[in-house]
Amino acid sequence: MRRGYTRRGFLAAAARAGAAGAAVSTLPLGAVVPERAVAADPILSEARRRTLDAALARMIPADGTGDWSAADIGAGDYIERLLSGGDDIYAGGPTRDEFEAFPPLSRVKEMGWANESQRLRGVYEQGLDELDRRAGGSFADAPEPIQDLVLTTLDLEGSEFFAALYEHTMEGVYAHPVYGGNTGYRAWEDLCYQGDVHGVRYPTEGSVGAWNTFGGYAPEEMIEPGACPGQGPVA
Amino acid sequence: MAKQTFDVCIVGSGAGGGVAAYVLAKAGARVLVLEKGPWLTEKDFGDDELRFGERNLIDQDPLIEPRTFRDRPEEGPHQFVGKVLPVSRCVGGGSVHYGAVCFRFRPEDFRARSTWGALPGADVVDWPITYQELLPAYREVEKLIGVSGGGMREEPGPGSPDPDAEWRTDPYPMPGHPPNYGAKLFEDAARTLGFHPFPTPVAINNGPYDGRPGCSYCGFCSSHGCPINAKGDTRVTALAKAVATGRCEIRPDAYAFRVETAGGKAKRVLYVDGQGITRSAEASVFVLACSTVDTPRLVLLSDMPRDLVNHDVVGRFLQIHHFPGGVGFFDERIDYYRGFWSMRCLDDFYLGLPGGPPAFGFGNLQTIGPSSGYPLLAGGLISTAKTAGWGRSHKPFMRSVFGHFQFLGMIGQDPPVRSNVVDLDPIVNDVYGFPVARITYLHHPNDLVVQAAMMPFIEAIFLAMGAVSSQPVLPFAIPTGIPQVGKTDAHRRGVGRQFPNPIGGAVNHQLGTMRMGMDPDASVVDADGRFHGIPNLYVADGSIFPTSGGYNPTLTIQALAWRIAEGIAAAV
């Protein structure tokens, strides 16, 4: 749920504050809060979402059968949520069980993110259409080598869309699942990475010494090398 | 509503402003603190790279207040708009995100010119105060924020510094922390090579201290707000105690944009509050503590009279520690994200190469944690992964590298250069409608000299640590606060991204710009932090450093703020 900070609400609040407080002037100094259009419909059309998932499956492809690609572990959902202009930008805290409680954005953050999600929506819509165009009509239906060729070309051209796609693929894959991607912590599991530890590693045991009231890494543990079975050594 | 009156108004609630607020409130002054960012708590934090690294919960947020960068004026108005030298924008300021490394500067740092001599193209100077003059403030601040260092708990004389390794003699409030695996390898290797490693002193609790818990070594430390308040940021130390006196009010979301003067004195500060309303704060004394970038920006936005303020120096001599360093790769998992930013360090190079004459530009060599404090996102491994290729090469890269490397970095002292400047960008405004800060910064050649001199030593240490290979940080493309345009493809990664520093790793230490000195023609503030021409206007942040030292600067910022605030308290 978002708060719905409208321009009318802002001006009313400004007028109230101006009447009651020691305001020098009512001044939005060019600081107009844009309406945040939160689409009730899916952010991307079904066709664009199909193109996006096809691209994500090439940005980080599955490494053989049974392995996951970026599309498989929710990077597409992550991106659609980012484009939605919703309020769920910063997770709650301090521990995982509170992450879902996204606090509302401050006024200036709301202004910044409203502009940013709108900008990104335009970047994605144009970029995804460009993928289809360059793939000869349908990027999703093109063979993998063609898909890779199209993406590589955009990368080398310095495309703004590709830059966003790379960044958001990585965020969707490697950020905490509370943001919509990294489904089932699959990406972290792959790297034998614990990710968030507070309230997670020792959630029920309470205090296990001064170092571990909340569950981090014990001194006797962090002084030893880690382990990741099946992971190859550095080439 | 009765109009509130304040003795002192402090702009900025970070390391400097927070400590100044505490000292003044404790001394009986009524203190108002204006902070442009929100008042967050540990409930807003969490072990979460995305909110801190990518979405700038506390960092300078280019969606709100971008900054611009150019490496020299010949490049035009600017080369980059986005995140430049980010410092936290919240109650507690930079002390919330910092790695909490807390050294005192050395006696030599206060007489930099006398110690290292002149450097062509730079203006290396002695400070107007000595180490001995700052020593009492250092001691008070170390107790206030809770610094751990010296011998470990189980060793004889816990908290006592090793006399061979460090120049200071008095013990730390808490003993040194145990090392993580990479730091242990470093410690053993450095000893083998004849160096003198020791636990990095940090404002991170080693066991419970002052009502706050001991560190849990979670790794989400530098660049993050501490989710358990084990890090001694000013929000949970100085500011909490200041508010507890009943004489300190903190106003968050209060964006100061103008200091007004009349009759040769500062009269009021104008700010925009959280609802977008412009308000005024009046007091007898004003302290600017907005950081090295934002304090000169506020002075420039205020267009202060030229007969009162030395505009010839405001914004100049910006210093950003260069960060010569390397990365070593290991067959085994180092998993350096366990613990905190820096767990072991050594000072054998502090004054120059061992056995050589004093040489400017070196500093403390440290093990450092995940790049920028992020194991994966932001400046973490994915920024490097791109250079290794996306697509089919991505997963093999991540699987072979993640957890298998360790950084070493030196807090290299960069020279104060007159043409390295913070001023106002002529084109870009922030969401409040004011010109943003523009950073013009070019590395002095000495930075490259030091990097070249250090690499053989860093390689030797990595070799003794058992690394299979090592390389300078340079090709490792870590985003940093020192942007250099066009050196890699990072400029394509969109608004809000930082540029890699071609010399070293990620460091946002920013100093200078409001130089402290005896001579009103060559400095902005005097040895008490007071503007030469305005008797009731002070600066208490990193901007007053005449030189940058070779240590993380925050403890010295806080000690200076302590000393400056004591001077104000005596006068009010």
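Now for a description of the structure that goes with this document. Only a predicted model underlies this, so the values are computations on that prediction, with no experimental measurement involved. (Residues numbered from 1 in each chain as written. Chains lettered and ligands numbered in written order. Predicted model: local features only at pLDDT ≥ 70, side-chain atom pairs only at ≥ 80, totals over all residues.)

**A look at the overall build of chain A**
Part 1 of the argument: From N to C terminus, chain A includes eight helices and one strand.
Part 2 of the argument: Along chain A, from the amino end to the carboxyl end, the secondary structure elements read α-β-α-α-α-α-α-α-α.
Part 3 of the argument: For chain A, contacts bridging at least 24 residues in sequence account for 57% of all contacts bridging at least 6. (Helix = DSSP H or I, 4+ residues; strand = E, 2+ residues; numbered from the N terminus. Contact = placed C-beta atoms within 7 Å.)

**Some remarks on the packing of helix H2 (residues 46-59) of chain A against helix H5 (residues 144-157) of chain A**
All names here are of chain A.
Part 1 of the argument: In the contact formed by H2 and H5, the axes pass within 10 Å of each other and the chain directions differ by 85 degrees. One way to sum up the angle between H2 and H5 is to call them roughly perpendicular. From H2, Ala 54, Ala 55 and Arg 58 reach across to H5, where they touch Glu 144, Gln 147, Asp 148 and Leu 151.
Part 2 of the argument: Of the residues contributing to the contact of H2 with H5, the split by class is three nonpolar, one polar and three charged. (Axes fitted to C-alpha atoms, helices over the stretch in contact; angles between N-to-C directions. Parallel < 35°, antiparallel > 145°, perpendicular 65-115°, else oblique. Nonpolar A, V, L, I, M, F, W, Y, C, P; charged D, E, K, R; others polar.)

**Overview of helix H8 (residues 291-302) of chain B**
Residues and elements named next belong to chain B.
Part 1 of the argument: In this model H8 runs 16 Å from its N-terminal to its C-terminal C-alpha over 12 residues, within 8% of the 16 Å that 1.5 Å per residue would give.
Part 2 of the argument: With nine of 12 residues buried, H8 is to be regarded as a mostly interior element.
Part 3 of the argument: Buried residues of H8: Ser 291, Thr 292, Val 293, Asp 294, Thr 295, Pro 296, Arg 297, Leu 298 and Val 299, and no others.
Part 4 of the argument: Backbone geometry just after H8 places Asp 303 at a positive phi near 50 degrees. (Expected span 1.5 Å × (residues − 1). Buried ≥ 20, exposed ≤ 12 C-beta atoms within 10 Å, placed from the backbone.)

**Structural notes on unusual backbone geometry**
Part 1 of the argument: Here the amide bond leading from A:Gly93 into A:Pro94 is cis, since omega sits at 5 degrees, within 30 degrees of zero.
Part 2 of the argument: One non-glycine residue with positive phi stands out, namely B:Ser223, at about 80 degrees.
Part 3 of the argument: Note on placement: B:Ser223 falls in the loop between strand S7 (198-199) and helix H7 (238-244).
Part 4 of the argument: Although it is not a glycine, B:Phe317 sits at a positive phi angle of roughly 65 degrees.
Part 5 of the argument: Within the fold, B:Phe317 resides in the loop between H8 and strand S12 (325-329).

**A word on the environment of A:Cys228**
All names here are of chain A.
Part 1 of the argument: The residue Cys 228 is located in the segment after helix H8 (219-222) in this model.
Part 2 of the argument: Owing to 17 C-beta atoms within 10 Å, Cys 228 belongs among the partly exposed residues under this scheme.
Part 3 of the argument: The spatial distance from the C-alpha of Cys 228 to the C-alpha of Val 108 is 43 Å, given a sequence separation of 120 residues.

**Regarding H5(A)**
Residue and element names in this part refer to chain A.
Part 1 of the argument: For H5, which comprises 14 residues, the first-to-last C-alpha distance of 20 Å matches the rise-based estimate of 20 Å (1.5 Å per residue) to within 8%.
Part 2 of the argument: Every buried residue of H5 is accounted for by Gln 147, Val 150, Leu 151 and Leu 154. Seen from one end, H5 has its buried residues packed into an arc of 90 degrees, which puts them on one side. Facing away from the buried side of H5 by more than 90 degrees, the exposed set consists of Pro 145, Thr 153 and Leu 156.
Part 3 of the argument: Each element contacted by the buried residues of H5 is listed here: H2, helix H4 (107-134) and helix H6 (160-174).
Part 4 of the argument: Phi turns positive, to about 75 degrees, at Gly 158, one or two residues after H5. (Arc of directions from axis to C-beta.)

**Regarding the sheet that holds strand S17 (residues 435-440) of chain B**
Residues and elements named next belong to chain B.
Part 1 of the argument: With mixed pairing, the four strands of this open sheet are ordered in space as S4-S3-S17-S16. Two strands bound the open sheet, and with one partner strand each, they are strand S4 (80-82) and strand S16 (421-429). Strand-to-strand twist of the sheet, defined as the mean angle between neighbouring strand axes without regard to direction, takes the value 35 degrees.
Part 2 of the argument: Here strand S3 (residues 67-70) pairs with S4 via three bridges, running antiparallel. The residue of S4 that forms the bridge with Arg 67 is Gly 82.
Part 3 of the argument: Where H8 meets the sheet, it contacts S3, S16 and S17, and its direction lies at approximately 65 degrees from that of S16. (Pairing = 2+ DSSP bridges.)

**Describing the nonpolar core**
Residue and element names in this part refer to chain B.
Part 1 of the argument: Counting 211 residues, the largest nonpolar core has Val 8, Cys 9, Ala 20, Ala 21 and Val 31 as its most contacted members.
Part 2 of the argument: Look past the residues within four positions of Val 31 in its chain and what remains in contact with it is Phe 6, Asp 7, Val 8, Ile 10, Ala 21, Leu 24, Ala 25, Ala 242, Arg 247 and Cys 248.
Part 3 of the argument: Membership of the second largest hydrophobic core comes to 22 residues, among which are Val 84, Val 87, Val 293 and Ala 437. (Core = buried A, V, L, I, M, F, W, Y, C linked by C-beta atoms within 7 Å.)

**Considerations on the sheet that holds strand S15 (residues 405-410) of chain B**
Residue and element names in this part refer to chain B.
Part 1 of the argument: An order of S7-S13-S14-S15-S12-S18 is seen for the six strands of this open sheet, with the pairing classed as antiparallel. A strand with exactly one partner marks an edge of an open sheet, and here the two such strands are S7 and strand S18 (469-472).
Part 2 of the argument: On the sheet, helix H11 (residues 445-465) packs against S12, S15 and S18 and is oriented at approximately 25 degrees with respect to S12.

**Some details on the environment of B:Glu140**
All names here are of chain B.
Part 1 of the argument: Tracing the chain through its elements places Glu 140 in helix H5 (residues 131-145).
Part 2 of the argument: Under the C-beta neighbour-count criterion, Glu 140 is labelled partly exposed, with 18 such atoms within 10 Å.
Part 3 of the argument: The sequence separation of Glu 140 and Ser 13 amounts to 127 residues, and the corresponding C-alpha distance is 18 Å.

**Quick look at the pairing of S17(B)**
Residues and elements named next belong to chain B.
Part 1 of the argument: A large share of S17 lies buried, amounting to five of its six residues.
Part 2 of the argument: In this sheet, S17 lies alongside S3 in parallel orientation, the contact comprising three bridges. Looking at the pairing, Arg 70 lines up with Thr 440 of S17.
Part 3 of the argument: Relative to S17, S16 runs antiparallel, the two being bridged by five bridges. Bridged to Val 421 within S17 is Thr 440.
Part 4 of the argument: The antiparallel pairing of S16 with S17 creates a hairpin that spans five residues between the two strands, and Gly 433 there sits at a positive phi of about 95 degrees.

**Quick notes on the interface of chain B and chain A**
Part 1 of the argument: Facing the 75 residues of chain B at the interface are 78 residues of chain A.
Part 2 of the argument: When residues of the side of chain B that touches chain A are traced back to their parent elements, those giving at least two are helix H2 (49-54), helix H6 (181-192), strand S10 (265-272), strand S11 (277-288), helix H9 (381-388) and helix H10 (394-401) of chain B.
Part 3 of the argument: When residues in the side of chain B that touches chain A are grouped by element, the largest group, six residues, is from H10(B).
Part 4 of the argument: Grouping the constituent residues of the side of chain B that touches chain A by class yields 33 nonpolar, 18 polar and 24 charged.

**Focus on the environment of A:Asp63**
Part 1 of the argument: Following the sequence through the fold, A:Asp63 ends up in the loop between H2 and helix H3 (75-83).
Part 2 of the argument: Expressed as a C-alpha distance, the spacing of A:Asp63 and A:Leu44, which sit 19 residues apart in the sequence, is 28 Å.

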